[in-house]
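Examination of the molecular architecture
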Amino acid sequence: EKGGYDHFMLKEIFEQPTTIYDCLRGRLDAETGNITMSGIQKYAEQIMNANRIMIVACGTSWHAGLVAEYIIEELCRIPVEVEYASEFRYRNPIINKGDVIIAISQSGETADTLVAIEKAKEQGAIILGIVNAVGSSIARISHAGAYTHAGPEIGVASTKAFTAQLAVLTMTALMLGQQKGTLDRDKFLLLCKELAAIPEKAEIVLKLDSQIKALAEKYKDAADALFLGRGYNFPVALEGALKLKEISYIHAEGYPAAEMKHGPIALVTDQLPVVFVATKDSYHEKVVSNMQEIKARKGKIIAVITEGDTVTPTLADDVIIIPAAHEIVAPMLSVITLQLFSYYVGVAKGYDVDKPRNLAKSVTVE
Ligand code: M6R
């Protein structure tokens, strides 16, 4: 059932070219620029005219929400707030009739997310569910939404569900931005093509498997790790840190790269690995100067970068080079390297990566 892989987590990481493809299949026609998402389309008018969109989720799904915030604001010019479901449900949030709430959940059974949307629904909000498990509670209670079609995810660490969530959310933003007119036709078509090219590029990223395994063995005894990124890659840094914590029990923190100088930089010594998600994008120059700040303090830099980048290799101790992709879709590639990294650190330390201690696959208690 593990299809020849040692663990479900590894199998699911390697399934990503297929799962992302399955998620786009039948919905995105990159040639003609057609996006068909009937559940979302039903509420397209309300979403486009909403004063704001609230995204509620937990854990990895919350990280997908953060990426979506940047994408929806950029392409659709609708204000987006991303909330931890557990905080949202208890703090008497202001919800008006017609507000749009997007709930993101792999399992569709996460108690905090479920209760949060139940309450918001009673108050008149429109609930869209981005869910992997078909027929799950969150899918049933949502007014509409879209399934991620990643297939069952068995490993406790979420991997393929995350990239499928990003694929669905990106398609949603593209569809709405184009209808709303906030996204011009050329950019829309370009982004459709960029999105459609992700499965193939993910395949190339997976070829880095043995290189990443060697890196994981090199850094496995670190006591702590810092993950940094900006813009679309900031949530990827958070996700890289969460994966490492879950699977290898190494204390890790994810930060927006520039925020590091407001505190975490005090942690930097020659013993601290600092993972930069530094693919080529509009933030790149800024990320490079953050990297210089870490290098000046002798931190060990591991950088996930884009092929052709000649600057970061002169600063980093180790580089992981991935194919070029538009910044909006790049997180689906950069995150795969961090999934593999945490997987191999966990394995090198002899841990049960499919069932990390103290964790359950779905958190159905609050
Ligand atoms: O099933 P959900 O997406 O609602 O689950 C949310 C979180 O519990 C989940 O993402 C958790 O953080 C994972 N263990 C992350 O790998």
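What you are looking at is a predicted structure, and each value in this text was computed from that prediction instead of being measured.

Brief notes about the pairing of strand S3 (residues 53-57)
- Counting buried positions along S3 gives five out of five residues, so the element sits mostly inside the fold.
- Side chains Ile53, Ile55 and Ala57 of S3 all project onto a buried face; the interleaved residues Met54 and Val56 project onto the opposite face, where all are buried too.
- The pairing of S3 with strand S4 (residues 80-84) spans five bridges and is parallel. Pairing of Ile55 across the sheet is with Val82, part of S4.
- Chirality of the crossover, the property in question, places the unit of S3, helix H5 (residues 59-76) and S4 among those that are right-handed.

Focus: unusual backbone geometry
- Despite not being glycine, Asn92 shows a phi value in the positive range, around 50 degrees.
- Its place among the elements puts Asn92 in the loop between helix H6 (85-90) and strand S5 (100-105).
- Judged by its relative accessible area of 66%, Asn92 is exposed.
- At Lys298, a residue that is not glycine, the phi angle is positive and equals roughly 70 degrees.
- Position of Lys298 among the secondary structure elements: in the loop between helix H14 (284-296) and strand S11 (300-306).

A word on the sheet that holds strand S12 (residues 318-322)
- Taken in spatial order, the five strands make up an open sheet running S9-S8-S10-S11-S12, and their pairing is parallel. Single-partner strands in this sheet number two, and they are strand S9 (251-256) and S12. Across the sheet, the mean angle from the axis of one strand to that of its neighbour is 15 degrees, orientation sign disregarded.
- Sitting on the sheet, helix H12 (residues 209-219) touches strand S10 (273-277), S11 and S12, and the angle it makes with S12 is about 155 degrees.

Considering the packing of aromatic side chains
- In the structure shown here, the tally under the stated rule is five aromatic pairs.
- Taking the centre distance of 3.9 Å and the plane angle of 15 degrees together, the rings of Trp62 and Tyr84 count as stacked. Of the two residues, Trp62 is situated in helix H5 and Tyr84 in strand S4; the sequence distance between them amounts to 22 residues.
- Among the residues examined, Trp62 registers a relative accessible area of 11% and is labelled buried.
- For the pair Tyr249 and Tyr351, a centre-to-centre distance of 4.5 Å together with 40 degrees between the ring planes defines the contact as tilted.

Points about the sheet that holds strand S7 (residues 144-147)
- One open sheet holds the five strands; their spatial order is S4-S3-S5-S6-S7, and the pairing between them is parallel. Whereas interior strands pair on both sides, the edge strands pair on one side only; in this sheet they are S4 and S7. Sheet twist, expressed as the mean angle between neighbouring strand axes with direction ignored, is 20 degrees.
- Looking at chain direction, S3 and S5 are connected through four bridges and run parallel. Bridge pairing in S5 places Ile53 opposite Val100.
- The strands that helix H7 (residues 111-122) touches are S3, S5 and strand S6 (126-131); relative to S5, the one it contacts most, it runs at about 165 degrees.

Focus on the layout of surface pockets
- Within this model, the largest pocket holds a volume of roughly 520 Å³.
- Taken together, 24 residues make up the lining of the largest pocket; nearest its centre are Cys58, Gly59, Thr60, Lys361 and Val363.
- For the lining of the largest pocket, the residue count by class is nine nonpolar, 10 polar and five charged.

Some remarks on the pattern of salt bridges
- For the structure on display, the rule yields 14 salt bridges.
- We note a salt bridge from Lys160 to Glu15, for which the minimum N-O separation is 2.7 Å. Placement of the pair is Lys160 in helix H9 (residues 160-180) and Glu15 in the loop between helix H1 (8-14) and helix H2 (16-24), with a sequence separation of 145 residues.
- Residue Arg89 pairs with Asp112 through a salt bridge whose shortest N-O separation is 2.7 Å. Highlighted residues: Arg89 in helix H6 and Asp112 in helix H7, separated in sequence by 23 residues.
- A relative accessible area of 8% means that Arg89 is categorised as buried.
- One network of salt bridges, with partners in common, ties together Lys11, Glu15 and Lys160.

Thoughts on H14
- Along its 13 residues, H14 runs 18 Å from first to last C-alpha, staying within 8% of the 18 Å computed at 1.5 Å per residue.
- Turning to H14, its buried residues number three or more, namely His284, Val287, Val288, Asn290, Met291 and Ile294. The buried residues of H14 occupy an angular sector of 160 degrees when the element is viewed end-on, so they sit on one face. Turned more than 90 degrees from where H14 packs its buried face, Glu285, Lys286 and Ala296 sit exposed.
- Among the structural elements, strand S8 (224-229), S10 and S11 are those in contact with the buried residues of H14.
- Lys298 sits one or two residues past H14 and shows a positive phi near 70 degrees.

Procedures and definitions
- Residues numbered from 1 in each chain as written.
- Predicted model: local features only at pLDDT ≥ 70, side-chain atom pairs only at ≥ 80, totals over all residues.
- Heavy atoms only, no water.
- Buried < 20%, exposed > 50% of the residue type's maximum accessible area, 1.4 Å probe, protein only.
- Helix = DSSP H or I, 4+ residues; strand = E, 2+ residues; numbered from the N terminus.
- Pairing = 2+ DSSP bridges.
- Right-handed = clockwise from strand over helix to strand, strands pointing away.
- Axes fitted to C-alpha atoms, helices over the stretch in contact; angles between N-to-C directions.
- Contact = heavy atoms within 4.5 Å.
- Phe/Tyr/Trp six-rings, centres within 6.5 Å; stacked < 30°, edge-to-face > 60°.
- 1 Å grid on protein atoms, 1.4 Å probe; cavity = no way out; pocket = protein on both sides within 12 Å on 5 of 7 lines; lining within 4 Å.
- Points joined across faces, edges and corners; volume = space filled by probe spheres on them.
- Nonpolar A, V, L, I, M, F, W, Y, C, P; charged D, E, K, R; others polar.
- Salt bridge = Lys/Arg side-chain N within 4 Å of Asp/Glu carboxyl O.
- Expected span 1.5 Å × (residues − 1).
- Arc of directions from axis to C-beta.

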